[in-house]
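Chain residues, written in single-letter form:
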Amino acid sequence: VHCIFITISSLSDEREQEILDLCTSTSIPTKIMHIFVGNDESNHISFEDIDIKDLLNRPSIDLKVDQIGSYLTNKVICVTGAGGSIGSELCRQIIHFNPSKLIMVDINENALYMLKQEFLVMKRKKQMNDSIQLESLIVSIREREEIYKLMRNYNPDVVYHAAAHKHVPLMEDRPTEAIRNNIFGTKNVIDACCDCGISRFIMISTDKAVNPTNIMGATKRMCEMIIQAFNQKSKTEFAAVRFGNVLGSNGSVLPLFKKQISAGGPVTVTHKEITRFFMTIPEAVSLVLQAMSYAKGGEIFVLDMGEPVKIYDLAVSLIKLSGLEPNVDIPIEITG
């Protein structure tokens, strides 16, 4: 057998998982049939490679979006770190709720430029409301005066704060950068929101803030404590959303493994028994939007992410999905 097609559309999640596990254990390229019902009731059928999210051993989180609209439709929304993998997906999901204005803030000009171009193409193709005003602003959250100016000029209704340094090893080497950017930068945005009377502020946090064992996690925990303190004395409603590792985000393990596989290996794993919780980028962002409708102020929201996944098993599955044999075609190296 050279290729497997899964074409059963009426499978339970459990049965589909069993079949997926069987198929991925064979190292045979496997594709799944997806049926899309068009507006004219015509069915469009496509076959797609097994996605890594199919291997998470849980159904994809599908969050209710009814309440979210009331906080976003016809409102001015600001996203810091808008060029990042989480920030950009936040912007993509927010525009579906037709805000009056979306302010995209980042220090990475290339990422911000590409995101703006993506939205302009969508406008030309009539895939988004033409009336949504888009603002792309190159601003560092460390520049206190600039952040105040931004909040005063645009007076957003909601601020999603996704700007941060996030790479654990890099922050271990440069802890002062992590502190300046993550703690003091976040404090600048918080102070500006309070002074300008912004009604809601949601911060992106991480499960590494739980009993932190590294600098990055410690800075995020500090930020959570700051927003909980400010929530008690400010009219702004503050909340944080913690998530685990986001599959496919910049610098996450998935793109790294894919790169290592395409280069012929080895795939590097730090320890054979290490586990992580995973979610997909759209899931993570849906959670952030959902948190807005639940927030009364001061909460830290966490997504139930199912069972933790062994990184080693993830590496094995990815190699097999590529139609190769682990430790035969592609070596897996335990780096310690």
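### Let's talk about the overall build of the chain
Helix and strand counts for the chain stand at 11 helices and 16 strands. Principal-axis analysis of the C-alpha atoms places the extent of the chain at approximately 65 × 55 × 35 Å. Per-residue burial for the chain yields a buried fraction of 48% across its 336 residues. Taking contacts inside the chain between residues at least 6 apart in sequence as the whole, the part at least 24 apart equals 74%. Surface accessibility of the chain: about 17,000 Å² in total, with carbon and sulfur atoms responsible for 51%. Treating the 35 positive side-chain charges of the chain as one cloud and the 40 negative ones as another, the clouds have centres 7 Å apart.

### Focus: the environment of Arg-92
In this structure, Arg-92 sits in helix 3 (residues 85–94). A residue is classified by how much of its surface remains accessible, and Arg-92, at 27% relative accessible area, is partly exposed. Note: C-alpha distance between Arg-92 and Ala-82 (10 residues apart in sequence) is 10.0 Å. With sequence-adjacent residues up to four places away left out, Arg-92 is seen in contact with Leu-115, Glu-118 and Phe-119. In this structure the side chain of Arg-92 is engaged in a polar contact, spanning 2.7 Å, whose partner is the side chain of Glu-118.

### Thoughts on the pairing of strand 4 (residues 76–80)
Counted residue by residue, strand 4 has 5 buried out of 5 residues, so it is predominantly covered. Alignment of strand 4 against strand 5 (residues 101–106), held across 5 bridges, turns out to be parallel. If you follow Cys-78 over to strand 5, its bridge partner there is Ile-103. In this region the chain leaves strand 4, passes through helix 3 and returns to the parallel neighbour strand 5; the handedness of that crossover is right-handed.

### A word on the sheet that holds strand 14 (residues 300–302)
Across the sheet, 7 strands lie side by side as 6-5-4-7-8-9-14; this open sheet has parallel pairing. In the strand order of this sheet, the two ends are held by strand 6 (133–138) and strand 14, each with one partner. Between one strand axis and the next, the sheet turns by 20° as a mean value, whatever way the strands run. Bridge analysis of strand 4 against strand 7 (residues 158–161) gives 4 bridges, and the strand direction is parallel. Across the sheet, Ile-77 pairs through a bridge with Val-158, a residue of strand 7. Lying on the sheet, helix 3 is in contact with strand 4, strand 5, strand 7, strand 8 (200–206) and strand 9 (237–243); it crosses strand 4 at an angle near 165°. Along the sheet, helix 10 (residues 281–294) makes contact with strand 7, strand 8, strand 9 and strand 14, crossing strand 9 at roughly 150°.

### Some remarks on the packing of helix 7 (residues 175–196) against helix 8 (residues 215–233)
Their axes nearest at 9 Å, the elements helix 7 and helix 8 cross at an angle of 20°. Considered as vectors, helix 7 and helix 8 are oriented roughly parallel to each other. When you trace helix 7 past helix 8, the crossing you get is right-handed. When helix 7 is examined against helix 8, the residues Pro-175, Ala-178, Ile-179, Asn-182, Ile-183, Thr-186, Lys-187, Ile-190, Asp-191 and Cys-194 are found in contact with a partner set consisting of Ile-215, Met-216, Thr-219, Met-222, Cys-223, Ile-226, Ile-227 and Phe-230.

### Considering the packing of helix 3 against helix 10
Between helix 3 and helix 10, the shortest axis-to-axis distance is 9 Å and the interhelical angle comes to 65°. Regarding the angle of helix 3 to helix 10, the classification is roughly perpendicular. For the pair helix 3 and helix 10, the sense of crossing is right-handed. Contact residues: helix 3 offers Ser-85, Ile-86, Glu-89, Leu-90, Gln-93 and Ile-94, while helix 10 offers Ile-281, Pro-282, Ala-284, Val-285, Ser-286, Val-288 and Leu-289. Looking at the contact of helix 3 with helix 10, its residues break down into 9 nonpolar, 3 polar and 1 charged.

### Concerning the nonpolar core
In this structure, Leu-90, Ile-94, Leu-102, Met-104, Phe-119, Tyr-160 and Phe-243 are the most contacted members of the largest nonpolar core, which totals 42 residues. Here this core gets 8 residues from one element, more than from any other, and that element is helix 10. Here Phe-243 is in contact with Ile-86, Ile-204, Ser-205, Thr-206, Asp-207, Met-279, Ala-284, Leu-287 and Val-288, once residues within four sequence places are set aside. Ranked by size, the runner-up nonpolar core spans 28 residues in total, among them Ala-192, Met-203, Phe-238 and Ala-240.

What counts, and at which threshold
- Residues numbered from 1 in each chain as written.
- Predicted model: local features only at pLDDT ≥ 70, side-chain atom pairs only at ≥ 80, totals over all residues.
- Heavy atoms only, no water.
- Helix = DSSP H or I, 4+ residues; strand = E, 2+ residues; numbered from the N terminus.
- Buried < 20%, exposed > 50% of the residue type's maximum accessible area, 1.4 Å probe, protein only.
- Contact = heavy atoms within 4.5 Å.
- Areas by Shrake-Rupley, 256 points an atom, 1.4 Å probe, with all protein chains shown as cover.
- Lys, Arg positive; Asp, Glu negative; His and termini not counted.
- Charge placed at Lys NZ, Arg CZ, Asp CG, Glu CD.
- Polar contact = N/O pair within 3.5 Å; in protein donor to acceptor, adjacent residues only side chain to side chain.
- Pairing = 2+ DSSP bridges.
- Right-handed = clockwise from strand over helix to strand, strands pointing away.
- Axes fitted to C-alpha atoms, helices over the stretch in contact; angles between N-to-C directions.
- Parallel < 35°, antiparallel > 145°, perpendicular 65-115°, else oblique.
- Left-handed = near helix turned anticlockwise from the far one by under 90°.
- Nonpolar A, V, L, I, M, F, W, Y, C, P; charged D, E, K, R; others polar.
- Core = buried A, V, L, I, M, F, W, Y, C linked by side-chain atoms within 4.5 Å.

Remember that the coordinates give geometry; whether it matters functionally is a separate question.
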